[in-house]
Each structure stands twice: as C-alpha cells, then as structure tokens.
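Notes for the structure review
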Amino acid sequence: MRILQSVASGLLGVTAYKGGLGTAALGTLLHFFIAVVAAGVYYAASRKLGVLVRQPVLSGVLYGVLVYLFMNHVVLPLSAVPKRPFVLSMAAVMVVIHMICVGLPIALVVSRSRDTR
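Now for a quick tour of the structure. (Residues numbered from 1 in each chain as written. Predicted model: local features only at pLDDT ≥ 70, side-chain atom pairs only at ≥ 80, totals over all residues. Heavy atoms only, no water.)

Here we come to helix α1 (residues 2-12). For α1, the complete set of buried residues consists of Gln 5, Ala 8, Ser 9 and Gly 10. Packed against the buried residues of α1 are α2 (20-48). Of the residues one or two after α1, Gly 13 is the one with positive phi, at around 70°. (Buried < 20%, exposed > 50% of the residue type's maximum accessible area, 1.4 Å probe, protein only. Helix = DSSP H or I, 4+ residues; strand = E, 2+ residues; numbered from the N terminus. Contact = heavy atoms within 4.5 Å.)

Right under this line is the structure:
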C-alpha cells in the first residue's frame, strides 16, 4: 500500500501517505495511466521507426532506460513527490527494473502485435 501511496504523492504530496486505501487506489490508477502512456509513446514511435519493431529486445531495453530518465529528470521534479537524495545503487536497480519490467515488455508486445498484421 505504501508504494502505491508514493505514486499518489506525485499529485498529493506527503498527505498521500495518510489517505489509506483511497490514496493507494489513486496511486494504482496513476501507475497504470503512466504505463499506458509509455506504451502508447513506444507504439507511436514504432510507426515511424521500424527498428523498434525489428529489434524489440535492444529497443525495449533502451526504451526502459529512457522511461527511467524521463520519469526521474522530468516528471518527478515537476511533481509533489517528497524529494529524496540520489543513491547510485538504488538508481542502478531502478534502471534495470525499468529495462526488464517496462521497456522490454512494451517493445515485445508492440513487436508481436505489429508482426501479426
């Protein structure tokens, strides 16, 4: 629940941690919204850049890095999320998670759906 509240804190700030299941639900919705937007951006880019479909593993891994960088250097600084110090080991883990759990699945699904047409 705390992780989902941390997502909601992007809109609500530290009060998100006091909101119980309501702010956890908001965090869930925001998380899925962000994921759908990330997938939509990749899909739209794949319509112009065929390499994203032809090389989904490499493209997906790189896209995961780009999503991480965009979220941490554009979205989070503009949000109400409480600021935390930079920790290199945590950043490295988060980059790998975004590569494997965000970029790669998006690229593989887009590649598979584009191949079947």
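Running from N to C, α2 and helix α4 (residues 56-78) point in directions that differ by 130°, and their axes come no closer than 12 Å. By the angle between their axes, α2 is oblique relative to α4. Crossing geometry of α2 relative to α4 is assigned as right-handed. From α2, Ile 34, Ala 38, Val 41 and Tyr 42 reach across to α4, where they touch Ser 59, Gly 60, Tyr 63 and Met 71. Its residues placed into classes, the contact of α2 with α4 shows six nonpolar, two polar and no charged. (Axes fitted to C-alpha atoms, helices over the stretch in contact; angles between N-to-C directions. Parallel < 35°, antiparallel > 145°, perpendicular 65-115°, else oblique. Left-handed = near helix turned anticlockwise from the far one by under 90°. Nonpolar A, V, L, I, M, F, W, Y, C, P; charged D, E, K, R; others polar.)

Our next topic: the nonpolar core. Ranked by size, the top nonpolar core spans nine residues in total: Ala 38, Tyr 42, Leu 52, Tyr 63, Val 67, Met 71, Ile 106, Ala 107 and Val 110. At the level of elements, α2, α4 and α5 (88-115) are the ones that each hand at least two residues to this core. Non-local contacts of Val 67, meaning those with residues more than four positions away in its chain, are made with His 98 and Val 102. (Core = buried A, V, L, I, M, F, W, Y, C linked by side-chain atoms within 4.5 Å.)

A word on the environment of Val 75. Looking at the element boundaries, Val 75 is found in helix α4. Overall, Val 75 belongs to the partly exposed group, its relative accessible area being 29%. Distance in space between the C-alpha atoms of Val 75 and Gly 10 is 8.8 Å, their sequence separation being 65 residues.

Turning to the packing of aromatic side chains, a few remarks are in order. Counted according to the given criterion, the structure contains one aromatic pair. With a centroid separation of 5.0 Å and 65° between ring planes, the pair formed by Tyr 42 and Tyr 63 is classed as edge-to-face. Of the two residues, Tyr 42 sits in helix α2 while Tyr 63 sits in helix α4, which places them 21 residues apart along the sequence. Here Tyr 42 and Tyr 63 have matching classes, each one buried. (Phe/Tyr/Trp six-rings, centres within 6.5 Å; stacked < 30°, edge-to-face > 60°.)

Okay, the packing of α1 against α2 next. At a minimum axis separation of 7 Å, α1 and α2 run at an interaxial angle of 80°. Comparing their axes, α2 and α1 come out roughly perpendicular. Where α1 approaches α2, its residues Leu 4, Gln 5, Val 7, Ala 8, Leu 11 and Leu 12 are matched on the opposing element by Gly 20, Thr 23, Ala 24, Leu 26, Gly 27, Thr 28, Leu 30 and His 31. A class-by-class count of the residues in the contact of α1 with α2 yields eight nonpolar, six polar and no charged.

For the rest of this paragraph, the subject is the environment of Leu 30. Tracing the sequence through the fold places Leu 30 in helix α2. Residue Leu 30 is classed as buried on the basis of its relative accessible area, which comes to 19%. Taking C-alpha positions, Leu 30 is 9.2 Å from Gly 10, a pair spaced 20 residues apart along the chain. Beyond its immediate sequence surroundings of up to four residues, Leu 30 is in contact with Val 7, Ala 8 and Leu 11.

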